[in-house]
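Here are the chains, one letter per residue:
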Amino acid sequence: MRMSRIALWMIAQGAIVAAAWASYGPGERKSEGTALYRTHCAVCHGETGRGDGPGSALNVPRPRDFATGQFRLISSKRKVPTREDLFETITRGIPGTGMLPWGHLPETQRWALADTV
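Source: prediction; values computed, not measured.

Caption draft 1: Focus on the pattern of salt bridges. In total, this model carries four salt bridges according to the counting rule given. Across the pair Asp115 and Arg83 runs a salt bridge, and its minimum N-O distance is 2.5 Å. On the criterion of sequence distance, the pair formed by Asp115 in helix 5 (residues 107-116) and Arg83 in helix 4 (residues 83-92) is long-range, its members being 32 residues apart. When the shortest N-O distance is used, the salt bridge between Glu88 and Arg92 registers 3.2 Å. One end of the pair is Glu88 and the other is Arg92, both in helix 4 and four residues apart, which spans about a single turn. On the accessibility criterion, Glu88 (31% relative accessible area) is partly exposed. Residue Arg92 is classed as exposed on the basis of its relative accessible area, which comes to 61%.

Caption draft 2: Local environment of the environment of Gln70. Structurally, Gln70 can be placed in the loop between helix 3 (42-45) and helix 4. Taking relative accessible area as the criterion, Gln70 reaches 55% and is therefore assigned exposed.

Caption draft 3: Main features of helix 2 (residues 32-40). Within helix 2 the residues assigned to the buried category are Gly33, Leu36, Tyr37 and Arg38. Tucked into the core, helix 2 has its buried residues touching helix 3 and helix 5.

Caption draft 4: The arrangement of the state of the cysteines in detail. In this structure the tally under the stated criterion is zero disulfides. We note that Cys41 lacks a disulfide partner, and the nearest cysteine sulfur, in Cys44, lies 8.8 Å from it. Residue Cys41 is classed as buried on the basis of its relative accessible area of 12%.

Criteria and cut-off values
- Residues numbered from 1 in each chain as written.
- Predicted model: local features only at pLDDT ≥ 70, side-chain atom pairs only at ≥ 80, totals over all residues.
- Heavy atoms only, no water.
- Salt bridge = Lys/Arg side-chain N within 4 Å of Asp/Glu carboxyl O.
- Helix = DSSP H or I, 4+ residues; strand = E, 2+ residues; numbered from the N terminus.
- Buried < 20%, exposed > 50% of the residue type's maximum accessible area, 1.4 Å probe, protein only.
- Contact = heavy atoms within 4.5 Å.
- Disulfide = S-S within 2.5 Å.

Following this line, the structure appears as structure tokens:
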């Protein structure tokens, strides 16, 4: 049976996340948002949010580089995303990109991720 590109991409993402997660020692103490970011986001966005994670090469377009301060889905006129903008993007994802919806995570975790980003 032939696998779709999406299925292969999801398998690769899972393997990269598992490998990345295994590299962090159990004794590390991080805030909830930082721990969630490492688990769910760093694989594509990178440890420092530069869009250079090990899974970034699998994404077209490339993952967002948070350091540039340029975001796609914003509601403010200042072109700076609000906390709510980040929460909604995390919840809904961005169709046509590798940014998957994370609405299955508890709301408190999505807010923690928004605060971390």
